[in-house]
Amino acid sequence: MESFPELVTKRLRLRQLREADASILLSIFSNPHTMKYYGSERMTGMEEVEGMLMSFKKGFEQKQVFRFGIELKKSGELIGTCGFHNWAKRVNRIEMGYELEQQKEGNGYMSEALSAIIPFAFQELEVHRIGALIHPNNASSRKLVKKLGFREEGILRDYVYAGGEYMDLIMHSLLENEW
């Protein structure tokens, strides 16, 4: 896969993130609500966003990371990101992550976006397993992956450190034959 893929759904365009997206990404990744269960610190400046964008770009070039911008087809507005990281090719396993602008939550956008990238992972990346690590108190995210067929596997105790404290995460997974 030489060029970054673009996926299109009924309401969304999932596309490569660009430098022009930096300001909206900063507003998403600096929002306390969005970052509450994210497992990393809130971003505070454009340098951090630019570093993240460079990391996504390099990750794609190395075929380790696929991070899509979630864009509304009607307006062209970027409302979040979703994608894959921690690709263990030897065992055909990858992890999924996502976040959405707070004002856009509750409209089914993330369900629609993930319903497009999951088959992409199984068919194009040929993975066998997709994992999702979710904070135990993030009820909406846990409900979302369950709706998409993921199974809860167990708690990873004190798995991440953010906001001055350790946090547990719950591992969820979806296998290719379950999709």
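Just above sits the structure.
Note that the coordinates shown come from a computational prediction; the quantities given were computed from them, not determined experimentally. (Residues numbered from 1 in each chain as written. Predicted model: local features only at pLDDT ≥ 70, side-chain atom pairs only at ≥ 80, totals over all residues. Heavy atoms only, no water.)

Draft legend 1. Geometry of the pairing of strand β5 (residues 93–100). The buried count for β5 comes to seven of eight residues, which makes it a mostly enclosed element. Taken together, the seven bridges between strand β4 (residues 78–88) and β5 define a ladder with antiparallel strand orientation. Directly across from Cys82, in β5, lies its bridge partner Tyr98. A loop of four residues connects β4 with β5, the two strands running antiparallel in sequence, and Asn92 in this loop sits at a positive phi of about 55°. Relative to strand β6 (residues 129–134), β5 runs parallel, the two sharing three bridges. Each residue of the ladder has a partner; that of Glu95, found in β6, is Gly131. Tracing the backbone out of β5, into helix α4 (residues 109–123) and back to the parallel element β6 gives a crossover that is right-handed. (Buried < 20%, exposed > 50% of the residue type's maximum accessible area, 1.4 Å probe, protein only. Helix = DSSP H or I, 4+ residues; strand = E, 2+ residues; numbered from the N terminus. Pairing = 2+ DSSP bridges. Right-handed = clockwise from strand over helix to strand, strands pointing away.)

Draft legend 2. Examining the packing of aromatic side chains more closely. For the structure shown, the criterion picks out eight aromatic pairs. Aromatic side chains Phe68 and Phe120 sit 5.7 Å apart centroid to centroid with 90° between the ring planes, which places their arrangement in the edge-to-face category. With Phe68 in strand β3 (residues 66–72) and Phe120 in helix α4, this pair connects stretches of sequence that are 52 residues apart. Like Phe68, the residue Phe120 is buried in the burial classification. Of the aromatic side chains, those joined through ring pairs into one cluster are Phe4, Phe60, Phe66, Phe68, Trp87 and Phe120. Sitting over the ring of Phe60, Lys63 keeps its end group 4.0 Å from the ring centre. One residue, Lys89, lies across the ring of Trp87, its end atom 4.6 Å from the ring centre. (Phe/Tyr/Trp six-rings, centres within 6.5 Å; stacked < 30°, edge-to-face > 60°. Lys NZ or Arg CZ within 6 Å of the ring centre and 35° of its normal.)

Draft legend 3. Expanded view of helix α3 (residues 46–61). Under the 1.5 Å per step criterion, the end-to-end length of α3 is 22 Å for 16 residues, consistent within 8% with the ideal 22 Å. In the core, the buried residues of α3 are packed alongside α1 (22–29) and β3. Residue Lys63 follows α3 closely and has a positive phi angle near 60°. (Expected span 1.5 Å × (residues − 1). Contact = heavy atoms within 4.5 Å.)

Draft legend 4. The arrangement of the sheet that holds β5 in detail. Read across the sheet, eight strands follow the order β1-β2-β3-β4-β5-β6-β8-β7 without closing on themselves; strand pairing throughout is mixed. Each of the sheet's edge strands pairs with one partner strand only, and the pair in question is β1 (7–8) and β7 (151–162). Along the sheet, α1 contacts β4 and β5; its crossing angle with β4, the most-contacted strand, is approximately 80°. Across the sheet, α4 touches β1, β2 (12–16), β3, β4, β5, β6 and β8 (165–175), and the angle it forms with β4 is around 30°. (Axes fitted to C-alpha atoms, helices over the stretch in contact; angles between N-to-C directions.)

Draft legend 5. Representation of the pattern of salt bridges within the structure. Taken as a whole, this structure holds 11 salt bridges when the rule is applied. A salt bridge links Glu71 to Arg15; its shortest N-O distance comes to 2.7 Å. Taken as a pair, Glu71 in strand β3 and Arg15 in strand β2 lie far apart in primary sequence, 56 residues in all. Across the salt bridge formed by Glu178 and Arg151, the nearest N and O atoms sit 3.4 Å from each other. In this pair, Glu178 sits in the segment after β8 while Arg151 sits in strand β7, placing the two residues 27 residues apart along the sequence. Under the relative-accessibility criterion, Glu178 is labelled partly exposed at 29%. Each of Glu6, Arg13, Arg15, Arg18, Asp21 and Glu71 takes part in a single network of salt bridges with overlapping partners. (Salt bridge = Lys/Arg side-chain N within 4 Å of Asp/Glu carboxyl O.)

Draft legend 6. Local environment of a negative patch on the surface. Residues Glu19, Glu47, Glu48 and Glu50 make up a contiguous surface patch of negative charge. Structurally, Glu50 is set in helix α3. By relative accessible area, Glu50 is classed as partly exposed at 47%. (Patch = residues over 30% accessible without salt bridge, like charges linked within 9 Å, V, L, I, M, F, W, Y side chains within 5 Å. Areas by Shrake-Rupley, 256 points an atom, 1.4 Å probe, with all protein chains shown as cover. Lys, Arg positive; Asp, Glu negative; His and termini not counted. Charge placed at Lys NZ, Arg CZ, Asp CG, Glu CD.)

Draft legend 7. Quick peek at the nonpolar core. Counting 37 residues, the largest nonpolar core has Phe84, Met96, Leu114 and Ile130 as its most contacted members. Those elements that place two or more of their residues in this core are β2, β3, β4, β5, α4, β6 and α5 (139–147). Looking at which element gives the most residues to this core, the answer is α4, with 10 residues. With residues up to four places along the chain from it excluded, the contact list for Met96 reads Gly83, Phe84, His85, Leu114, Ile117, Ile118, Ile130, Gly131, Ala132, Val145 and Phe150. Within the second largest apolar cluster, 14 residues are counted, among which are Ala22, Leu26, Met43 and Val49. (Core = buried A, V, L, I, M, F, W, Y, C linked by side-chain atoms within 4.5 Å.)

Shape is all these values report; function is a separate question.
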